[in-house]
Amino acid sequence: MGAIYRGLAVVAAVAVAAVGVALVLPSGPDEAGPRPVAAPSAVPVSSGPPAVEPASGIVGDETAPTPTPTPTPTPSATTPRPTPTPGTSLAPGYTAMEALYADERLPRLPAKLKRLSLPRAGKSVVKDKRSGLAVPKLSKPWKSSGPAPFSTRQVLPMPRSGPRGMLVSAPVPIKPQKSDRDTALLAARWTLNHHPKGSEIRWLGSQRIKDGWALLYQVKYGKRSSRAAVMVVDGGMTKPGLVFITVPDTQRDRWRDIPRVIAGVRAMR
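The following refers to the structure shown. In this text the structure is predicted, and so the values were computed from the model without any measurement.

### Here we look at the side chain of threonine 152
By secondary structure assignment, the location of threonine 152 is in strand β4 (residues 152-155). With relative accessibility at 10%, the residue threonine 152 sits in the buried group. Here the side chain of threonine 152 touches serine 169 through a polar contact of 2.5 Å, side chain to side chain. Look past the residues within four positions of threonine 152 in its chain and what remains in contact with it is Val126, Lys127, Asp128, Val135, Pro147, Leu167, Val168 and Ser169.

As structure tokens, this is what we get:
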């Protein structure tokens with residue numbers, strides 16, 4: 001009997017030990033709870049290229065909405081209306097005449113100017129087929145020269161300093177206006193491109209001529225000046241023709257040729 005009781009005691013001890021082991025061991029896979037997420041500082045840094053992150057900027061957040069880009073304001077809503085700058089091209093939104101009146105290099109044309117006294121037109125002419133005009137051919141010391149970028153060109157000898165006199169013709173290089181006078185004003189402004197920098201205009205004469213308009217003016221640049229004239233004449237082409245003559249004060253003895261040009265310009269039609 002003693003042996004039987006000792007055997008039962010051993011079996012009971014083994015059963016108690018088995019229960020203790022079962023309590024110490026972790027639960028099985030079917031009973032596993034959520035794993036703790038490692039803190040960002042605990043995530044090892046990889047030496048390879050970074051992984052592409054979702055649009056939200058949070059790693060692993062695939063459900064975060066993509067941010068909507070902020071619309072860029074249109075220039076018309078943020079940019080003030082520009083002001084025409086003297087000597088430059090037209091500012092958007094301004095007409096050619098508004099830009100002309102904003103140019104400080106040209107004063108307003110007086111309502112009345114002394115009418116020019118013009119001589120009889122000469123017979124010798126240079127024909128400009130592009131503008132449809134006949135341009136007076138001036139005698140020596142004037143001479144014909146390479147016309148580009150114009151259609152015809154005559155020049156005086158080169159002085160020791162400063163610009164030299166020239167007479168040129170071409171289709172008007174600006175947008176024609178309804179009025180021949182306004183077209184001539186824009187053409188006179190354009191001629192400042194062919195005078196020294198900083199030039200300003202003083203009006204001397206303005207009058208209608210056959211099929212167009214003529215303006216006579218002085219161009220001042222520093223202590224020197226030139227006398228010039230523009231004639232806008234309808235030569236029967238798509239655009240009116242322009243004749244432009246300028247003579248510096250260093251060659252003032254040829255100023256007398258300017259009225260001859262005004263009087264002699266005519267349409268060839």
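Further notes follow.
### A look at unusual backbone geometry
Leaving glycine aside, a negative phi is the common case for residues, and trans is the common case for peptide bonds. The omega torsion across lysine 140 and proline 141 is 10°, close enough to zero to call that bond cis. Within the secondary structure, proline 141 is located in the loop between β2 (133-136) and β3 (143-144). A cis amide bond links alanine 148 to the next residue, proline 149, at an omega of 5°. Relative to the elements of secondary structure, proline 149 occurs in the loop between β3 and β4. Of note in this structure, aspartate 211 is not a glycine but carries a positive phi near 65°. With respect to the helices and strands, the residue aspartate 211 is situated in the loop between β6 (200-209) and β7 (212-221). Note on aspartate 211: relative accessible area 32%, which makes it partly exposed.

### Details of the pattern of salt bridges
Counted under the stated rule, the structure contains 7 salt bridges. Aspartate 103 is the partner of arginine 189 in a salt bridge, and the nearest nitrogen-oxygen pair spans 2.8 Å. Of the two residues, arginine 189 is situated in helix α4 (residues 180-191) and aspartate 103 in the loop between α3 (96-102) and β1 (125-128); the sequence distance between them amounts to 86 residues. The pair formed by arginine 189 and aspartate 103 is uniform in burial state, with each residue classed as buried. Among the salt bridges present, the one from arginine 224 reaches aspartate 249, with a minimum N-O distance of 3.1 Å. Linking arginine 224 in strand β8 (residues 224-233) with aspartate 249 in the loop between β9 (241-248) and α5 (257-264), this pair joins segments that are 25 residues apart in sequence. It is possible to trace a salt-bridge network through shared partners that takes in Asp103, Arg105 and Arg189.

Rules behind the numbers
Residues numbered from 1 in each chain as written. Predicted model: local features only at pLDDT ≥ 70, side-chain atom pairs only at ≥ 80, totals over all residues. Heavy atoms only, no water. Helix = DSSP H or I, 4+ residues; strand = E, 2+ residues; numbered from the N terminus. Buried < 20%, exposed > 50% of the residue type's maximum accessible area, 1.4 Å probe, protein only. Polar contact = N/O pair within 3.5 Å; in protein donor to acceptor, adjacent residues only side chain to side chain. Contact = heavy atoms within 4.5 Å. Salt bridge = Lys/Arg side-chain N within 4 Å of Asp/Glu carboxyl O.

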